Amino acid sequence: METMNKNLINNYRMGGYLLIAIGLINLRYQTGHSNVVGHSLIVIVPGALLLSFTWISSLSKVLELRLTKVLALGLGLALVGFAIFN
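Here we summarise the structure given alongside this text. Nothing here was measured: the structure is a model prediction, and the numbers come from that model. (Residues numbered from 1 in each chain as written. Predicted model: local features only at pLDDT ≥ 70, side-chain atom pairs only at ≥ 80, totals over all residues. Heavy atoms only, no water.)

Notes on the overall build of the chain
Along the chain, the regular secondary structure elements total four helices and zero strands. In sequence order, the chain lays out its α and β elements as α-α-α-α. Judged by the C-alpha coordinates and their principal axes, the chain covers about 50 × 20 × 15 Å. Every one of the 86 residues in the chain was classed for burial, and the buried ones make up 30%. Taking contacts inside the chain between residues at least 6 apart in sequence as the whole, the part at least 24 apart equals 69%. For the chain, the accessible surface area stands at approximately 5900 Å², while carbon and sulfur atoms represent 71% of it. (Helix = DSSP H or I, 4+ residues; strand = E, 2+ residues; numbered from the N terminus. Buried < 20%, exposed > 50% of the residue type's maximum accessible area, 1.4 Å probe, protein only. Contact = heavy atoms within 4.5 Å. Areas by Shrake-Rupley, 256 points an atom, 1.4 Å probe, with all protein chains shown as cover.)

Considering the environment of Ile9
Assignment of secondary structure puts Ile9 in helix α1 (residues 2–29). Taking the C-alpha atoms as reference points, Ile9 and Leu77, separated by 68 residues in sequence, lie 18 Å from one another. The residues contacting Ile9, other than those within four sequence positions of it, are Thr54, Ser60 and Leu63.

Some details on the nonpolar core
If you look at the biggest cluster of nonpolar residues, it comprises six residues: Leu19, Ile22, Val43, Leu79, Val80 and Ala83. Those elements that place two or more of their residues in this core are α1 and α4 (66–85). No other element matches the three residues that α4 contributes to this core. With sequence-adjacent residues up to four places away left out, Ile22 is seen in contact with Val43, Val80 and Ala83. (Core = buried A, V, L, I, M, F, W, Y, C linked by side-chain atoms within 4.5 Å.)

Quick look at the structure:
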């Protein structure tokens, strides 16, 4: 059971890192567009929050709930899509 929880938390951490990286890449490659900082922060901030939640023990327990897993996956995919198609 403990291994499954560590794997789950590691998956959340990788998702957080992914969102931060995509947001920073988006910021770099769309420097000429208007409101690029705002669009990039829409992706970076949730990634940073997700990453920080994995290090706080009381919040990491919430990440183990099924509803949280579904919401995090849906929001993560939506943010990746937003960053790619924006």
